[in-house]
Amino acid sequence: MSVLKKVRWSPYVAGALLGLVSWFSVLTAGKYLGVSTTFVRTIGMIESLFTPDRVASLPYFVKEKPLIDWQVMEVLGILIGAFIAAKLSGDFKKRFVPPMWENRFGPSRLKRWAIAFLGGVILMFGARMADG
Amino acid sequence: MSWLASFTEKEVIRTTDLILGLITGIFFGFFLQKGQALKYDKQLGMLRFKDFTILKVMITAILVGMVGIYFFVDMGIGKLSLKPTVLGANIIGGLIFGLGWGMLGYCPGTALGATGEGRFDAFWGGALGMLVGAGIFAEVYSYIKDTFLKWGDLGKLSIPQVVGIQHWVVILIIWVVLVLALVAVEKKKL
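Quick caveat, the model's predicted, so the values are computed rather than measured.

A count of helices and strands for chain B gives 9 helices and 2 strands. Reading the secondary structure of chain B in the N-to-C direction produces α-α-α-α-β-α-α-α-β-α-α. Principal-axis analysis of the C-alpha atoms gives chain B an extent of 55 × 40 × 40 Å. A buried classification covers 37% of the 190 residues belonging to chain B. For chain B, contacts bridging at least 24 residues in sequence account for 57% of all contacts bridging at least 6.

Attention shifts here to the interface of chain B and chain A. Listed per partner, the contact involves 93 residues of chain B and 87 residues of chain A. Mapped by element, the contributors of at least two residues to the side of chain B that touches chain A are helix H1 (2-9), helix H2 (15-34), helix H3 (40-47), helix H4 (53-75), strand S1 (84-86), helix H5 (87-104), helix H6 (108-116) and helix H7 (121-144) of chain B. In terms of residue count, the dominant contributor to the side of chain B that touches chain A is H7 of chain B (18 residues).

Before going further, it helps to spend a moment on the packing of H3 of chain B against H4 of chain B. Residues and elements named next belong to chain B. Where H3 contacts H4, the two axes come as close as 7 Å, and the packing angle between them is 90 degrees. Between H3 and H4, the angle falls in the class roughly perpendicular. Contacts between H3 and H4 pair Lys42, Gln43 and Met46 from the former with Thr53, Ile54 and Leu55 from the latter. Its residues placed into classes, the contact of H3 with H4 shows 3 nonpolar, 2 polar and 1 charged.

Counted at 1.5 Å a residue, the expected span for helix H5 (residues 70-89) of chain A with its 20 residues is 28 Å, and the 29 Å between its end C-alpha atoms agrees. Burial runs high along H5 of chain A: 14 of the 20 residues are buried.

Let's shift gears to unusual backbone geometry. In terms of backbone geometry, most residues other than glycine have negative phi values and most peptide bonds are trans. Residue and element names in this part refer to chain B. A positive phi angle, near 65 degrees, is found at Gln36, a position not held by glycine. Residue placement: Gln36 occurs in the loop between H2 and H3. The buried category is assigned to Gln36, around which 20 C-beta atoms lie within 10 Å. We note that Phe49 has phi near 55 degrees; this positive angle belongs to a residue other than glycine. Positionally, Phe49 belongs in the loop between H3 and H4. A count of 9 C-beta atoms within 10 Å places Phe49 in the exposed class.

The next point concerns the environment of Trp175 of chain B. Residues and elements named next belong to chain B. In this structure, Trp175 sits in helix H9 (residues 167-187). A tally of 13 C-beta atoms within 10 Å means that Trp175 is categorised as partly exposed. Measuring from C-alpha to C-alpha, the distance between Trp175 and Leu154 comes to 26 Å, with 21 residues separating the pair along the chain.

The next point concerns the packing of helix H2 (residues 36-50) of chain A against H5 of chain A. Residues and elements named next belong to chain A. It is at 9 Å that the axes of H2 and H5 come closest, and there the two elements cross at 105 degrees. One element, H2, and the other, H5, form an angle in the roughly perpendicular class. For the pair H2 and H5, the contacting residues are Thr37, Thr38 and Arg41 in the first and Gln71, Val72 and Val75 in the second. Looking at the contact of H2 with H5 residue by residue, the classes come out as 2 nonpolar, 3 polar and 1 charged.

The rules behind each value
- Residues numbered from 1 in each chain as written.
- Chains lettered and ligands numbered in written order.
- Predicted model: local features only at pLDDT ≥ 70, side-chain atom pairs only at ≥ 80, totals over all residues.
- Helix = DSSP H or I, 4+ residues; strand = E, 2+ residues; numbered from the N terminus.
- Buried ≥ 20, exposed ≤ 12 C-beta atoms within 10 Å, placed from the backbone.
- Contact = placed C-beta atoms within 7 Å.
- Axes fitted to C-alpha atoms, helices over the stretch in contact; angles between N-to-C directions.
- Parallel < 35°, antiparallel > 145°, perpendicular 65-115°, else oblique.
- Nonpolar A, V, L, I, M, F, W, Y, C, P; charged D, E, K, R; others polar.
- Expected span 1.5 Å × (residues − 1).

Rendered as C-alpha cells:
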C-alpha cells in the first residue's frame, strides 16, 4: 500500500480520518480524544514515588487520580502511531532544533530546550486552568 | 512492577478500555503525522498565519467528528461530554495556553507525536515542561478551586441549547460557514 509510504497526505484527508478516529473512540470506549489529563495523572504517579500520602490527599489529584487509564494508553498510542507513520515514509528524523526556530533564533540546543521547557510549563498550566 | 500495578488496581479499569485507548491513540498519531500536523514549522506557521495546514486538518476533523457523534447520541449509542463553561478560567487559561504553545510550538498531543517523529525538543523540552506545569497547577488548584475557578461559571452549555435551534440545523450552518472559510483559505493559497 504505497499511500502509507507517502510523506504527506492532504490535510483534508488526514482531518477527515481524524474525525473518524473520534467516532471510533466514542463508539468503542465512550471516550473523547484528549491528552492533557494524562500529564496530570503522570506527574501524580511520579510524585507518588516520593510523597504518596500527600498526592493521595491533594484535591487536584483526588479529582484526577494518578492511574493508568484509557487516555494514558491513547497518549502512548499517539507516540507509537506517529513513529510508524514517519518510519513508513522516511519522515522520521532525529532533530532537536526545528528549522523555523533555527532560522530565527540560531542553532543553540540549550536555548531551544530552555524555551521549549518553559513553554511546556506555561502551556500545560493554562490548559489545566481552562479545562476546569 | 508493584508501584506501577498499584495504579491499575485502585479503580476498576477494564483491560479492553486500555487496549482500545492504545489502538485509538495509534490511529490518532498516525493520521496526525501523515497530515504533517506534528511539525513545529506547521504549528508556528499557523500561529503566524502563514501556513493554514493545521487549520485545515482541525476544521475537517471537527466537521466529520460532529456529524458522527451527534448521530451516535441520537441513536442512543453515544453520550456528549460537555465541560462547564467557566468564563474566567476558560479565557485566562486559554490565553496562558496560547502563550506556552507559541513558545514550544507543540501542544500536549502533538508533542508526544513529534517525539515519535524524532523531534526530541518536543520531549525533553516540551513534555517534561508539561509535566512540571501540571504539577504546579495541581498545587495552585487547592487555592483557586472555590474562587477563581468559579468566576463566570455558566454550567454545561452547548450551542444548540443556547441558541435554541435543533442540533442538526446548527450542524448544517456550521458546515456551510466552515466549508466556505476553507474554500476562501484555498483560494488565497494559504
